[in-house]
Amino acid sequence: MTAASSRSARPMSLQQAMGKARAALQDITPLPIEGIASSERDSEGWRIVAEVIEAPARMGDNDLLAAYELALDASGELTGFRRLRRYHREDREE
């Protein structure tokens, strides 16, 4: 086994998956990313939920946010994408 093949056999780390998800989301939408809300490795790869600011508040800090789920395969390729919900910042679950 070569060094290159042993690297490709190593599972993608959480940090790598989050970076790939952020990059994929930026390719899909120009909206600013608020942050990563959750991440989970499954049998196919990773499921990452990211929050974006869909509409900044005109006054105060009650921005309209949206949660997007991104599915990445084991190599970090985007295999699925969907908006889970939209909500105001003050309505975000704690």
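Everything discussed here concerns the structure shown above.
Residues numbered from 1 in each chain as written. Predicted model: local features only at pLDDT ≥ 70, side-chain atom pairs only at ≥ 80, totals over all residues. Heavy atoms only, no water.

## Focus on the side chain of Arg89
Here is the rule: To qualify as a helix, a DSSP run of H or I must reach at least 4 residues; to qualify as a strand, a run of E must reach at least 2; elements of each kind are numbered from the N terminus. Here a polar contact is taken to be a pair of N or O atoms separated by no more than 3.5 Å, where protein atoms must pair a possible hydrogen donor with a possible acceptor and residues adjacent in sequence count only if both atoms sit in side chains.
With respect to the helices, strands and loops of the structure, Arg89 is situated in the segment after strand S4 (78–88). Here Asp63 takes part through its side chain, which lies 2.7 Å from a polar atom of the side chain of Arg89.

## Looking at the environment of Arg82
Which entries qualify depends on this criterion: Any residue under 20% of the maximum accessible area for its type is buried, any over 50% is exposed, and the rest in between are partly exposed; the area is computed with a 1.4 Å probe on protein chains only. Any two residues whose heavy atoms approach within 4.5 Å are treated as being in contact.
In this structure, Arg82 sits in strand S4. On the basis of relative accessible area, Arg82 is assigned to the partly exposed category, the value being 47%. Sequence-wise, Arg82 and Val49 are 33 residues apart; in three dimensions their C-alpha atoms are separated by 9.6 Å. With sequence-adjacent residues up to four places away left out, Arg82 is seen in contact with Ala67, Tyr68 and Glu69.

## Some remarks on the sheet that holds strand S1 (residues 33–41)
Inclusion rule: In this scheme, strands are said to pair when DSSP sees at least two bridges between them. All axes here are fitted lines through C-alpha atoms, helices being fitted over the stretch that makes contact, and every angle between N-to-C directions spans 0 to 180 degrees.
Across the sheet, four strands lie side by side as S1-S2-S3-S4; this open sheet has antiparallel pairing. In the strand order of this sheet, the two ends are held by S1 and S4, each with one partner. Strand-to-strand twist of the sheet, defined as the mean angle between neighbouring strand axes without regard to direction, takes the value 20°. Relative to strand S3 (residues 64–73), strand S2 (residues 45–55) runs antiparallel, the two being bridged by 10 bridges. The residue bridging Val49 from the neighbouring strand is Glu69, located in S3.

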